[in-house]
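# A look at the structure
Read off the chains here:
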Amino acid sequence: SDHTLVYPESPEVMDWPSYYPAFVDEEASGETASPRRLRKDVEILDIGCGFGGLLVALAPLMPETLMLGLEIRTSVAQFVQEKIWALREQNAASKLYQNAACLRANAMKFLPNFFRKAQLSKIFICFPDPHFKARKHKARIVSATLNSEYAFVLRPGGIAYTITDVEALHDWMVDHFSAHPSFERVPEEEEQGDECVKAMMSETEEGKKVERNKGQKFVALFRRLEDPPW
Ligand code: SAM
């Protein structure tokens, strides 16, 4: 249960500097009482990040882009945050991994409390729990309602990345994103050139497990469209 989770009232009250101390805007954060701010915002979100394999792979590829994993399991979220702290220490000279962080949250709740409209450029949904039974489908992390939240926090041109080894879940995600007016599917030719797709296939813990079991991986990307003019 997640009834003990607390959510920020709005993105402005999130204590981002404690997650990304190397990105604090020193000029805007004098010694006055004004809260410390970052010089850039979180741009990449990994929903249900598990043990953080994707974050750890992407962080050094895009060292100036802030990325955040959301994970509902307390011990797993803590593990990822500690792994990132250790990597920061080991890479103090190169300053790598300062751009990654993980927090415990239920991604199905209050996403717009964490991120402003159009703040994000990429959302990853990697090997989400399949919830096979029909009566459990409402627990799926992709739905008409949640897709509207993803559309809210993604900027036009931004991409929602999905991968799963469960074909029925892949079809479900494709159906729900395709039916949503804010998204269009990215052509498969374009997927292949995307380094994030490679990372999602081979660097996630689940992706590795599927690889070992010689299972299939189904990938689909969806582009956030411009809002239609009023
Ligand atoms: N994305 C990782 C990967 O590809 O290796 C982990 C995949 S694992 C099958 C699904 C993860 O999503 C689990 O770690 C689970 O705790 C997390 N999760 C499930 N529902 C969630 C929710 N509502 N909010 C945040 N995390 C969630």
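Below is a summary of the structure that appears in this document. Note that this is a predicted model, so its numbers are computed, not measured. (Residues numbered from 1 in each chain as written. Predicted model: local features only at pLDDT ≥ 70, side-chain atom pairs only at ≥ 80, totals over all residues. Heavy atoms only, no water.)

This brings us to the sheet that holds strand β4 (residues 120–126). Think of a sheet as strands paired side by side through backbone hydrogen bonds, with each pair either parallel or antiparallel. One open sheet holds the 7 strands; their spatial order is β3-β2-β1-β4-β5-β7-β6, and the pairing between them is mixed. With partners counted over all chains shown, the strands left at the sheet margins are β3 (100–104) and β6 (183–185), one partner each. Each strand of the sheet is rotated relative to its neighbour by a mean of 20 degrees, with strand direction disregarded. Lying over the sheet, helix α2 (residues 53–61) contacts β1 (42–47), β2 (66–71), β3 and β4, oriented at roughly 180 degrees with respect to β2. Relative to β3, helix α3 (residues 74–90) is tilted by about 160 degrees, and along the sheet it contacts β2 and β3. (Pairing = 2+ DSSP bridges. Helix = DSSP H or I, 4+ residues; strand = E, 2+ residues; numbered from the N terminus. Axes fitted to C-alpha atoms, helices over the stretch in contact; angles between N-to-C directions. Contact = heavy atoms within 4.5 Å.)

A word on the site of the ligand. With respect to spatial proximity, 18 residues lie near the ligand, and among them Gly-48, Glu-71, Arg-73, Asn-106 and Ala-107 are the closest. Here a nitrogen atom of the ligand and a side-chain polar atom of Asn-106 are 2.7 Å apart. Contributions of two or more residues to the shell around the ligand are made by β2 and α9 (205–212). (Near = heavy atom within 4 Å. Polar contact = N/O pair within 3.5 Å; in protein donor to acceptor, adjacent residues only side chain to side chain.)

There is a patch of like positive charges on the surface, built from Lys-133, Arg-135, Lys-136 and Lys-138. Mapping Lys-138 onto the fold places it in the loop between β4 and α5 (144–153). (Patch = residues over 30% accessible without salt bridge, like charges linked within 9 Å, V, L, I, M, F, W, Y side chains within 5 Å. Areas by Shrake-Rupley, 256 points an atom, 1.4 Å probe, with all protein chains shown as cover. Salt bridge = Lys/Arg side-chain N within 4 Å of Asp/Glu carboxyl O. Lys, Arg positive; Asp, Glu negative; His and termini not counted. Charge placed at Lys NZ, Arg CZ, Asp CG, Glu CD.)

Counting buried positions along strand β7 (residues 218–224) gives 7 out of 7 residues, so the element sits mostly inside the fold. Residues Phe-218, Ala-220, Phe-222 and Arg-224 of β7 are buried on one face, and the alternating residues Val-219, Leu-221 and Arg-223, pointing to the opposite face, are buried as well. With 6 bridges connecting them, strand β5 (residues 154–164) and β7 associate as antiparallel partners. Across the sheet, Thr-162 pairs through a bridge with Ala-220, a residue of β7. Pairing of β6 with β7 involves 3 bridges; the strand directions are antiparallel. Each bridged residue has a counterpart across the sheet, and for Phe-183 the counterpart in β7 is Arg-224. (Buried < 20%, exposed > 50% of the residue type's maximum accessible area, 1.4 Å probe, protein only.)

This brings us to the nonpolar core. Counting 39 residues, the largest nonpolar core has Leu-68, Phe-115 and Tyr-150 as its most contacted members. Of the residues forming this core, the biggest block, 5 residues, is contributed by helix α6 (residues 167–179). Those residues in contact with Leu-68, other than ones at most four positions away along the chain, are Trp-16, Tyr-20, Val-42, Ile-44, Leu-45, Asp-46, Leu-55, Ala-101, Cys-102, Leu-103 and Phe-115. Judged by nonpolar contacts, the second largest core, of 29 residues, contains Leu-55, Met-67, Phe-127 and Ile-159. (Core = buried A, V, L, I, M, F, W, Y, C linked by side-chain atoms within 4.5 Å.)

Positive phi is not limited to glycine here, since Tyr-97 has a value of about 75 degrees. Position of Tyr-97 relative to the elements: it lies in the loop between α3 and β3. Within the chain, Phe-110 stands out as a residue other than glycine whose phi angle is a positive 60 degrees. The residue Phe-110 is located in the loop between β3 and α4 (111–114) in this model.

To continue, consider the packing of aromatic side chains. By convention here, two paired aromatic rings are described through the distance between centres and the angle between planes. Within this structure, the stated rule accounts for 10 aromatic pairs. On the numbers, 6.1 Å between centres and 25 degrees between planes, the contact of Trp-16 with Phe-115 is stacked. One end of the pair, Trp-16, is in helix α1 (residues 16–19); the other, Phe-115, is in the loop between α4 and β4, with 99 residues separating them in the sequence. Ring geometry for Phe-177 versus Phe-222: centroids 4.5 Å apart, planes at 15 degrees, classification stacked. Taken together, the residues span a long stretch of sequence, with Phe-177 in helix α6 and Phe-222 in strand β7 at a distance of 45 residues. As far as the burial class goes, Phe-177 and Phe-222 line up, both buried. Ring-pair connections join several aromatic residues into one group, and the members of that group are Tyr-7, Trp-16, Tyr-19, Tyr-20, Phe-110, Phe-114 and Phe-115. (Phe/Tyr/Trp six-rings, centres within 6.5 Å; stacked < 30°, edge-to-face > 60°.)

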